[in-house]
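So the chains spell out like this:
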Amino acid sequence: MKIAKKPEIRFLNDMRIVLCDAGWAKKAKNLELYYMYRGVKKKDGLRYDITIMPPKMLGKEFLKTKGHRHSNKYGEIYVVNSGNAIFLFQKYANNKVEDVYAVQARKGDIVIVPSYYDHLTINPSNTKLELANWVSGKCKNTYDMIEEKHGACYFYTKKGWIKNKNYKNTPKLRFEKPLKTMPKNLDFLKE
């Protein structure tokens, strides 16, 4: 997809604190990791964004987005436009992760981000990943928990899933399936 807007670029320097392979992160030169085109379209109070993630390794970990939670209780909906993705969701409350799950998705799949969940996206392949999302135009991202704990509670590496030791009593990772069709009404994203 050709996009007229200039992207926000996520650099390695923005991500060093949340990476599994701290040794690699410390030595690696700053580089462009992925590209976020925010507000490509706007409709009924919602913002449509595109994220492009090339195939890359961050040391032993596959390229991922930094990870964040939304202000208030805003949800979000993603569509995989091309490539393969793994979405990781964690609900952190009362000083612990209460729930953690992953959704593996490919071209055409739909994934809903529930309220109050930190989330990130991983490109686990050797091809470009392009995502589109709809989110409230009022929604703000917060990165505090992900930064404080140096990443989500699990990392996805060449050897599979690895627990982040900065979390205590992490629940077992469970897997959910993506949706195959877009909900007809996206008003739930405005609440």
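Small disclaimer: the values here were computed from a predicted structure and weren't measured.

Student: Explanation requested: the nonpolar core in the structure shown.
Tutor: If you look at soluble globular proteins, the nonpolar side chains tend to sit buried side by side. Ranked by internal contacts, the top residues of the largest apolar core, which has 42 residues, are Phe87, Leu88, Phe89 and Leu131. Ranked by size, the runner-up nonpolar core spans 12 residues in total, among them Ile50, Ile77, Ala132 and Trp134.

Student: Please clarify how unusual backbone geometry should be interpreted in this entry.
Tutor: Glycine aside, the phi torsion of most residues is negative, and most peptide linkages are trans. Positive phi outside glycine occurs at asparagine 94, with the angle close to 55°. Structurally, asparagine 94 is set in the loop between strand S8 (84-93) and strand S9 (96-106). On the accessibility criterion, asparagine 94 (66% relative accessible area) is exposed. Of note, the phi angle at asparagine 95 is positive, near 60°, even though the residue is not glycine.

Student: Whenever I open this one, a nonpolar patch on the surface confuses me. Can you help?
Tutor: A cluster of nonpolar side chains, contributed by Ile112, Leu179 and Phe188, occupies part of the molecular surface with about 210 Å² of accessible area. Here leucine 179 lies in the segment after strand S16 (174-176).

Student: Help me out: how do you make sense of the sheet that holds S8 in this one?
Tutor: Two strands in a sheet stick together by hydrogen bonds in their backbones, pointing the same way (parallel) or opposite ways (antiparallel). Ordered in space as S11-S8-S9-S16, the four strands form an open sheet in which the pairing is mixed. Each of the sheet's edge strands pairs with one partner strand only, and the pair in question is strand S11 (118-122) and S16. Along the sheet, successive strands turn relative to each other by an average axial angle of 25°, direction set aside. Here S8 runs beside S11; their pairing, made up of five bridges, is antiparallel. Opposite leucine 88, over in S11, you have leucine 120 as the bridge partner.

Student: Can you help me understand the pattern of salt bridges in this one?
Tutor: Two side chains carrying opposite charge are able to pair once their charged atoms lie near each other. For the structure on display, the rule yields nine salt bridges. Among the salt bridges present, the one from glutamate 8 reaches arginine 38, with a minimum N-O distance of 2.8 Å. Placement of the pair is glutamate 8 in strand S1 (residues 8-11) and arginine 38 in strand S2 (residues 32-43), with a sequence separation of 30 residues. Classification of arginine 38 by relative accessible area gives partly exposed; the value is 24%. As a salt-bridge pair, glutamate 61 and lysine 64 come within 2.8 Å of each other at their nearest N and O atoms. Overall, lysine 64 belongs to the buried group, its relative accessible area being 2%. One salt-bridge network, held together by shared partners, links Asp99, Arg174 and Glu176.

Calculation rules
One numbering rule holds for all chains: residues counted from 1, following each sequence as written. It should be noted that, the model being predicted, local features are given only for residues of pLDDT at least 70 and side-chain atom pairs only at 80 or more, the latter also being counted only at that level, while totals for whole chains, interfaces and linings use all residues. Processing note: side-chain calculations cover all non-hydrogen atoms of the structure and skip hydrogens and water entirely. Only buried residues count toward a nonpolar core, which is a set of Ala, Val, Leu, Ile, Met, Phe, Trp, Tyr and Cys residues joined through side-chain atoms within 4.5 Å. To sort residues, take the accessible area from a 1.4 Å probe on protein chains only and compare it with the maximum for the residue type: under 20% means buried, over 50% means exposed, and anything in between is partly exposed. Strands here mean DSSP runs of E at least two residues long; helices mean DSSP runs of H or I at least four residues long; both are numbered from the N terminus. What makes a patch is a set of residues exposed beyond 30% relative accessible area and free of salt bridges, joined within 9 Å when like-charged and within 5 Å when nonpolar (Val, Leu, Ile, Met, Phe, Trp, Tyr). Residue-level accessible areas treat just the shown protein chains as cover; the underlying method is Shrake-Rupley with a 1.4 Å probe. Each reported salt bridge corresponds to a side-chain nitrogen of Lys or Arg within 4 Å of a carboxyl oxygen of Asp or Glu. The pairing criterion is simple: DSSP has to find at least two bridges between the two strands. With axes taken as lines fitted to C-alpha atoms, and helix axes fitted only over the stretch in contact, angles between N-to-C directions fall between 0 and 180 degrees.

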